[in-house]
Amino acid sequence: SFGSAWCHIPFILMSGLTVTSISLTSHTLLPVSAVNKHKPWIETSYHGVITENTDIVLLDPPLVALDKDAPIPYAGEICAFNIHGLEAPFKAVVLNGTSGEGQLRARGLVDCELQKEYTFIIQAHDCGSGPGGTEGKKSHKAVVHIQVNDVNEFAPVFREPQYHAAVTEGKIYDSILQVEATDQDCSPQYSQICNYQITTTTTPFAIDRNGNIRNTEKLSYDRQQQFEIQVTAWDCGQKRALHSVPVRIDVKPVCKPGWQGWNKRVDYEPGTGSKQLFPKMHLETCGGPLSSVRTTVELQTSHIGKGCDRETYSEKSLQKLCGASSGSTDLLPAPSAATNWTASLVTDSGRDSDLIFRFDGRQAAKIPDWVVPQNLTDQFTIATWMKHGPSPGLRAEKETLLCNSDKTEMNRHHYSLYVHNCRLVFLLRRDFTQVDTFRPAEFHWKLEQICDKEWHYYVINVEFPVVTLYVDGVTYDPYLVTDDWPIHPSQIDVQLTVGACWQGGEVTKPRFTQYFRGSLSGLTIRPGKIESQKVISCLQACKEGLDINSLESLDKNIKFHFNPAQSILVMEGEDLENMNAAVRKVSYINSRQFPTPGIRRLRISTTVQCFGEDTCITIPDIDAVVMVLQPSEPRITITGVERLSRPASDLRAAGGIALFQDLHIISTVTRADATAHHTARRPGVLEEIIHNLDYCDVLVLGEELRPGQESLQLQRSALLGKHLDATNSTSGMSIYGVDSMSNYEQVIRQVRYYNWQPGPLLERRFRLTCSELNGRYTSNEFNLEVSVSVLHSLQAGEHVNHMIAPPQYMQVVHHPSMIHGLYPSVPSAATVVIVMCIAALVVVVVLGIYRIHLTHQQEVKLAETAKEADATWNDSALTITVNPMEVGGLEEEEEDDEEEDEEDDITSAESDDSEEEVDVQLPRMQRSSKKGQNWDKTTISY
């Protein structure tokens with residue numbers, strides 16, 4: 001039975017290319033089983049290609065299913081293609097059910113590197129009896145084979161992160177080493193490496209397509225000990241490696257004599273003493289027998305300070321430290337208000353607080369007459385640091401360091417120190433009154449140090465007629481001495497100059513001449529005495545140099561010699577192993593607590609001798625550096641009592657007052673915390689250290705001290721046994737010299753302040769600062785305020801006044817003589833009288849108050865003898881003057897209301913001042929003259 005189903009059956013008549021569809025009337029009824037008679041038909045096998053990272057498969061032949069039941073609806077239509085396979089990542093979709101066209105697609109992106117081919121089964125399904133495909137029929141199973149096409153998505157990657165090889169110098173290698181790269185692409189085209197290339201330019205190496213590296217020329221160890229080149233690779237799809245690979249090739253020397261096992265740089269930590277420079281170094285001689293070895297180690301420090309690391313204290317402090325004779329005059333001090341003649345000179349004080357003056361042939365300074373020593377006598381010393389180079393021109397002019405010449409009228413040089421054609425000349429013309437014969441006048445020295453552009457310390461000791469020159473502590477006699485007549489006496493003033501010579505006569509306009517070109521520092525002149533060689537050596541001594549560690553363990557057959565500055569060490573020996581051991585003991589030492597940081601260059605030169613030959617092998621020189629690290633900067637802190645309040649009597653006393661009795665000076669540095677790497681950003685540890693100071697200044701703030709009235713004083717005995725000295729003026733006191741902080745504390749605590757006539761409202765402020773290394777490190781500014789306190793006896797009296805009687809009943813008045821006695825013109829003996837008067841006044845006031853109390857009890861009897869009507873006590877604010885010692889009774893004076901109010905105000909104001917300023921200065925007691933006038937209105941009988 002067909003039921004009620006009606007079918008629209010299309011018939012396809014194939015006649016050539018014409019397809020005719022014939023429609024039957026809907027009245028014809030056919031059963032479904034009778035209509036869907038045939039299964040769909042597909043090919044038996046398919047071959048497909050898909051490109052990775054895409055989803056469309058290109059099949060050959062195309063995916064088309066045919067059904068003979070067509071054109072019957074559903075039965076002749078294709079509803080689906082089913083894929084049978086183990087997790088095949090593909091699906092088949094029907095593009096046109098009527099025509100049976102389908103398409104094979106990937107469910108996701110396919111990756112050739114994961115799987116290159118896929119094989120699975122596919123079947124076609126018709127629609128059967130309806131849209132759901134019920135009772136549909138399946139085609140036979142067809143095999144589908146799909147190949148995944150590769151995409152060049154991966155770049156070559158080298159198997160090793162870096163390559164290393166070593167070659168011997170002087171050889172050509174076919175292959176030094178081989179590098180290899182791989183590619184993860186799946187196809188041979190993209191996974192194979194087709195080319196390698198060295199990307200580093202100008203290298204003596206080449207590489208072939210297989211990654212073999214060879215050298216294109218002979219390598220030299222002396223020229224370059226190591227090469228590092230970069231190599232890249234390309235796959236056959238011309239994709240380049242993302243990262244090149246480094247290749248290091250070490251060049252081994254053919255055995256050559258020389259020092260081995262040394263470091264180019266040696267770090268020196270300040271304060272560590274002596275440090276070995278070459279602890280593992282040895283001399284390679286390539287097996288040749290040697291008869292002797294001579295090694296010279298040179299420390300080059302000419303760029304540090306004045307030739308090496310020296311103490312940078314001021315000249316005065318250094319002379320005190322070295323025990324030099326006192327009385328020297330510094331002709332090139334730091335510019336200041338008192339030493340302004342150096343202000344116009346060019347200074348170079350940027351390195352370690354060293355004060356250096358540079359002269360370029362245009363600067364000079366006149367030394368004031370009050371500074372110049374007037375009589376040099378037969379013994380005197382001139383000392384200076386000088387750095388000087390060759391002068392331009394064939395016949396160079398004289399270059400004057402120091403010159404004493406006529407100020408006007410004439411052009412006579414009394415004494416001078418100058419450089420001429422790299423010769424140092426000292427001119428000394430004696431006065432006719434001192435000597436009247438032909439005597440030595442010019443002393444010439446020809447030394448290489450004068451024009452080597454390095455710092456040297458020159459000292460000229462004059463013991464007329466003998467003149468001795470010291471250069472860096474070594475004595476030199478003049479190679480030429482010329483005689484001259486003495487200078488005839490005259491009334492012409494002389495002018496001392498630095499950097500040139502003053503020509504005041506025989507010219508139309510006075511001017512400087514013979515300018516100096518170079519650098520000077522620490523130019524001093526000391527009349528009357530000459531310096532010993534020990535002091536001279538101390539003044540110019542280097543604080544850094546070469547050393548031999550464990551000298552006692554040095555082999556006895558090793559001979560060694562240091563130069564005076566210990567910057568050059570020469571060692572000689574016959575045994576190679578002993579020489580190696582000796583060189584390993586060579587050390588660098590810097591005895592400064594705060595050395596100048598920076599590089600010191602080292603050079604080692606070696607000569608060897610073989611048996612029966614003068615020289616056999618050549619040992620190349622070694623250049624290395626010592627890096628002196630930055631020292632921890634100290635923080636100098638001054639603490640103590642910041643305010644002193646003393647009675648005026650203490651200021652006038654013979655001992656004055658000690659300003660800094662509780663003074664403490666400490667210094668701290670911040671050390672790196674050893675546990676800092678365990679914690680994040682942990683601060684350093686504060687550590688107290690001990691070091692020297694070179695000066696402490698006590699400055700008077702505000703108005704200077706008044707001469708004859710006040711002063712700062714320090715007993716000379718306080719300086720005994722210490723390297724300290726002191727200068728004093730109305731602006732303050734300076735204590736200078738290189739000494740310990742504890743000695744400075746002891747001396748400063750004994751600085752005393754005197755004021756014999758304290759003025760009104762006396763208040764003095766002082767500031768104390770200390771320095772190390774000529775101001776390189778300075779302390780905090782410690783301020784001290786000194787004030788005058790009210791005498792203790794007066795404080796007690798005022799306290800009694802306030803407690804026994806309210807202010808409105810008592811008015812403290814001052815006698816004119818008392819006011820006059822507190823002014824600075826009063827001698828010290830009057831102070832005792834004033835104190836006694838004040839004490840007596842207090843007793844009188846107390847007894848007067850007691851008498852008032854007794855008088856109030858006898859009010860009736862007193863009323864009969866009173867001359868005034870208003871004699872009774874009340875609570876009104878009266879001004880009462882009492883004479884408690886008078887037998888006749890109590891006298892009262894009545895004032896008008898205006899006067900009472902005025903005096904009450906004064907009394908109240910004075911009371912307030914007394915309460916608020918218990919510890920005020922003594923002159924603050926001097927009030928207005930009105931109180932003296934009030935005192936005149938009363939009398940006290942005794």
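The present account deals with the structure reproduced in this document. (Residues numbered from 1 in each chain as written. Predicted model: local features only at pLDDT ≥ 70, side-chain atom pairs only at ≥ 80, totals over all residues. Heavy atoms only, no water.)

Moving on, we get to the overall build of the protein chain. Counting its regular elements, the protein chain contains 13 helices and 59 strands. Counting over 942 residues, the protein chain shows a buried share of 43%. Pairs at least 24 apart in sequence give 71% of the contacts found in the protein chain among residues at least 6 apart. Only carbon and sulfur atoms are counted for the fraction: they give 50% of the accessible area of the protein chain, which is about 49800 Å². (Helix = DSSP H or I, 4+ residues; strand = E, 2+ residues; numbered from the N terminus. Buried < 20%, exposed > 50% of the residue type's maximum accessible area, 1.4 Å probe, protein only. Contact = heavy atoms within 4.5 Å. Areas by Shrake-Rupley, 256 points an atom, 1.4 Å probe, with all protein chains shown as cover.)

A complete count under the given rule lists 20 salt bridges for this structure. Across the pair Glu544 and Arg600 runs a salt bridge, and its minimum N-O distance is 2.8 Å. Of this pair, Glu544 sits in strand S41 (residues 544–548) while Arg600 sits in strand S45 (residues 598–609); the two residues are 56 residues apart in sequence, bridging distant segments of the chain. Glu544 gets classed as buried once you look at its relative accessible area, which sits at 5%. Its salt-bridge partner being Asp725, residue Arg716 comes within 3.1 Å of it at the nearest N-O pair. The class of Arg716 is exposed, set by a relative accessible area of 53%. (Salt bridge = Lys/Arg side-chain N within 4 Å of Asp/Glu carboxyl O.)

Because side chains alternate across strand S11 (residues 163–168), one face comprises the buried residues Tyr163, Ala165 and Val167, and the other comprises His164, Ala166 and Thr168, none of which is buried. Pairing geometry for S11 and strand S18 (residues 245–252), over 6 bridges, is parallel. Residue pairing in the sheet places Tyr163 in a bridge with Val247 of S18. (Pairing = 2+ DSSP bridges.)

Mapped onto the fold, Leu428 is located in strand S31 (residues 423–428). Put simply, Leu428 and Phe443 are 15 residues apart on the chain and 8.5 Å apart in space, counted from C-alpha to C-alpha. In contact with Leu428, not counting residues within four places along its chain, are Phe380, His414, Tyr415, Pro440, Ala441, Val462 and Phe464.

Such a bond, covalent and formed between the sulfur atoms of two cysteines, is termed a disulfide. Using the criterion set out here, one finds 9 disulfides in the structure. Here Cys79 connects covalently by a disulfide to Cys127, the sulfurs 1.9 Å from one another. Measuring handedness by torsion sign, the sulfur bridge of Cys79 and Cys127 sits at about 115 degrees and is right-handed. Taken together, the residues span a long stretch of sequence, with Cys79 in strand S5 (residues 78–84) and Cys127 in the loop between strand S8 (117–126) and strand S9 (142–149) at a distance of 48 residues. The exposure class of Cys127 is buried, given its relative accessible area of 4%. (Disulfide = S-S within 2.5 Å.)

Before going further, it helps to spend a moment on the packing of aromatic side chains. Taken as a whole and assessed by the stated rule, the structure comprises 16 aromatic pairs. Residues Phe512 and Tyr515 carry aromatic rings whose centres are separated by 6.3 Å and whose planes lie at 55 degrees to one another, so their mutual orientation is tilted. Geometrically, the ring pair formed by Phe660 and Phe782 is tilted, given 6.3 Å between the ring centres and 55 degrees between the ring planes. Of the two residues, Phe660 sits in the loop between strand S49 (657–658) and strand S50 (664–671) while Phe782 sits in strand S59 (residues 782–789), which places them 122 residues apart along the sequence. Since its relative accessible area comes to 3%, Phe782 is described here as buried. (Phe/Tyr/Trp six-rings, centres within 6.5 Å; stacked < 30°, edge-to-face > 60°.)

With that settled, the discussion passes to the sheet that holds strand S56 (residues 752–755). Spatially, S49-S56-S53 is the arrangement adopted by the 3 strands of the open sheet, whose pairing is antiparallel. Looking at the sheet topology across the chains shown, the edges are occupied by S49 and strand S53 (710–713). Two elements, S49 and S56, share 2 bridges in a ladder whose sense is antiparallel. By the bridge assignment, Ile657 is partnered in S56 with Tyr753.

Along the chain, the position of Ser175 falls in the loop between S11 and strand S12 (177–178). Ser175 sits 36 residues away from Gly211 along the chain, and the two C-alpha atoms are 9.4 Å apart.

The 4 strands are arranged S11-S18-S17-S14 in an open sheet whose pairing can be described as mixed. Both edges of this open sheet fall to S11 and strand S14 (193–198), since each of them pairs with a single strand only. Adjacent strand axes in the sheet meet at a mean angle of 30 degrees when their direction is disregarded. Pairing between strand S17 (residues 226–235) and S18: 6 bridges, direction antiparallel. The residue of S18 that forms the bridge with Gln230 is Pro246. (Axes fitted to C-alpha atoms, helices over the stretch in contact; angles between N-to-C directions.)

Our next topic: the environment of Ile356. Of note, Ile356 is situated in the loop between strand S25 (346–347) and strand S26 (357–360). Residue Ile356 is classed as buried on the basis of its relative accessible area, which comes to 4%. Along the chain, Ile356 and Val346 lie 10 residues apart, while their C-alpha atoms are 8.4 Å from each other.

So, about the nonpolar core. Membership of the largest hydrophobic core comes to 56 residues, with the highest contact counts inside it found for Leu712, Ile748 and Leu768. Two domains each donate at least three residues to this core, and these are domain 4 (315–540) and domain 5 (634–670 + 685–789). Residues contacting Ile748, with those up to four places away along its chain left out, are Phe660, Leu663, Ile665, Cys696, Ile735, Leu768 and Cys770. Of all hydrophobic cores here, the second largest spans 40 residues; its members include Val372, Phe380, Met386 and Val498. (Core = buried A, V, L, I, M, F, W, Y, C linked by side-chain atoms within 4.5 Å. Domains from an automatic or database assignment.)

Glancing now at a nonpolar patch on the surface. Together, Val49, Ile56 and Leu58 make up a nonpolar patch on the protein surface, roughly 250 Å² of accessible area in all. For Leu58, the position within the fold is in strand S4 (residues 58–60). For Leu58, a relative accessible area of 62% gives the class exposed. (Patch = residues over 30% accessible without salt bridge, like charges linked within 9 Å, V, L, I, M, F, W, Y side chains within 5 Å.)

With their axes 9 Å apart at the nearest point, helix H3 (residues 315–322) and helix H4 (residues 533–540) run at an angle of 135 degrees to one another. The pairing of H3 with H4 is recorded here as oblique in orientation. When you trace H3 past H4, the crossing you get is right-handed. Seen from H3, the contacting residues are Leu318, Gln319 and Cys322; seen from H4, they are Val535, Cys538 and Leu539. (Parallel < 35°, antiparallel > 145°, perpendicular 65-115°, else oblique. Left-handed = near helix turned anticlockwise from the far one by under 90°.)

With that settled, consider the side chain of Thr497. Here Thr497 is to be found in strand S37 (residues 494–498). Given the relative accessible area of 0%, Thr497 is considered buried. Within the local environment of Thr497, its side chain forms a polar contact with the backbone oxygen of Ala500, the two atoms lying 2.6 Å apart. Among all residues touching Thr497, those that are not within four sequence positions of it are Ala365, Lys366, Ile367, Leu401, Leu402, Cys403, Trp502 and Phe512. (Polar contact = N/O pair within 3.5 Å; in protein donor to acceptor, adjacent residues only side chain to side chain.)

What follows covers helix H7 (residues 741–748). A large share of H7 lies buried, amounting to 6 of its 8 residues. Buried within H7 we find Met741, Asn743, Tyr744, Glu745, Val747 and Ile748. Packed against the buried residues of H7 are S50, strand S51 (685–689), strand S52 (692–701), strand S55 (732–740) and strand S57 (763–772).

Here Glu745 is to be found in helix H7. Judged by its relative accessible area of 12%, Glu745 falls in the buried class. In this structure the side chain of Glu745 is engaged in a polar contact, spanning 2.5 Å, whose partner is the backbone nitrogen of Ile665. In this view, Glu745 contacts Leu663, His664 and Ile665; residues no more than four positions away in its chain are not counted.

On to the pairing of strand S20 (residues 265–268). Here S20 shows a buried face lined by Val266 and Tyr268 and an unburied face lined by Arg265 and Asp267. Alignment of S20 against strand S46 (residues 618–628), held across 4 bridges, turns out to be parallel. Residue pairing in the sheet places Tyr268 in a bridge with Val628 of S46.

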